[in-house]
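Spelled out from the first residue to the last, the chains are:
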Amino acid sequence: MEVLKGVHSIDHSEEKDHSLETWILDCAEGVVLIDGGMTPQAVENIAAELKLMKRGWRDVKLILVTHKHGDHIKNLPKLKEVTGAPIKAQKLEAPLIENAVGVKIEGLDDKQVIPYCGGIEVIWVPGHSEGNSCYYLKKQKAIIAGDPIFGDPNCNITAPPEKYCLDIKQATKEMERLLKYDFNHILYTHGKDIIGGAKVKVKELVDRTR
Ligand SMILES: [Zn+2]
């Protein structure tokens, strides 16, 4: 569904208490997909959303990935096949993803601005994984966060759970990187997206975990 103008969020999960999201940006330059889910059903879900947007696989011009975990990357070979689009991730994460899925992943620098959709800035937030990253949408003042924060169906947010993190101390500390950005909305993978007032909630979380 379209959660912000030009920003679609898809929840692939069948369990209501543990969402698994991917995102589609509908831009003048074409469509940008962020993360791809892990099941054939997730590919179907993306196809259905593209259809609703009156778009198709070949309109996808770029695929961005937040990090290397299976629920975000397992569909990349299939998505590469149907879209032909380049796939990019933060430069520490790119080779790890490439090794895991066997398709070419191009590296991105921290704070690099991708010239799509009014500017998409890479925010590197290490700790959950080596090159875990968020994507800041300048035009919408939104952060597509992936996994540096987790939440629940009621928008209660936390640091990512230790069992899923490379380095929980680093993951918790580095959440503060998000606060350098001017944002109102945060869309993350596991939990309900926060539309409006998101920066205040992230600031509270950072203060609480210091
Ligand atoms: Zn993860």
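Quick note: structure is the one above.
What this report covers is the structure whose coordinates are included nearby. (Residues numbered from 1 in each chain as written. Predicted model: local features only at pLDDT ≥ 70, side-chain atom pairs only at ≥ 80, totals over all residues.)

## Re the overall build of the protein chain
Working step 1: Tallying secondary structure elements over the protein chain gives six helices and 15 strands in all.
Working step 2: Its C-alpha atoms give the protein chain a radius of gyration of 15 Å, within 12% of the compact-globule value 17 Å for 210 residues.
Working step 3: Counting all 210 residues of the protein chain, 46% fall into the buried class.
Working step 4: The long-range fraction of contacts in the protein chain, counting pairs at least 24 apart against all pairs at least 6 apart in sequence, stands at 57%. (Helix = DSSP H or I, 4+ residues; strand = E, 2+ residues; numbered from the N terminus. Rg over C-alpha atoms; globule rule 2.2 N^0.38 Å. Buried ≥ 20, exposed ≤ 12 C-beta atoms within 10 Å, placed from the backbone. Contact = placed C-beta atoms within 7 Å.)

## With respect to the pairing of strand E9 (residues 120–124)
The two faces of the sheet receive side chains in turn, since in a regular strand these alternate between them.
Working step 1: Among the five residues that make up E9, four are buried, leaving the element largely enclosed by the rest of the structure.
Working step 2: Bridging between strand E8 (residues 113–114) and E9 involves two bridges; their strand directions are antiparallel. Counted as the bridge partner of Val-113 is Glu-121 from E9.
Working step 3: In this structure, the hairpin formed by E8 and E9 is closed by a connection of five residues, where Cys-117 is found at a positive phi of approximately 60 degrees. (Pairing = 2+ DSSP bridges.)

## Notes on the nonpolar core
Working step 1: Of all hydrophobic cores here, the largest spans 56 residues; its most connected members are Leu-33, Ile-63, Cys-134, Tyr-135, Ile-143, Ile-144 and Ile-186.
Working step 2: In contact with Leu-33, not counting residues within four places along its chain, are Thr-22, Ile-24, Ile-46, Val-60, Ile-63 and Leu-79. (Core = buried A, V, L, I, M, F, W, Y, C linked by C-beta atoms within 7 Å.)

## Regarding helix H4 (residues 94–101)
Working step 1: Within H4 the residues assigned to the buried category are Ala-94, Ile-97 and Val-101. Down the axis, H4 shows its buried residues gathered within 65 degrees of arc, on one side only.
Working step 2: Where H4 terminates, the next one or two residues include Gly-102, which has phi positive at roughly 75 degrees. (Arc of directions from axis to C-beta.)

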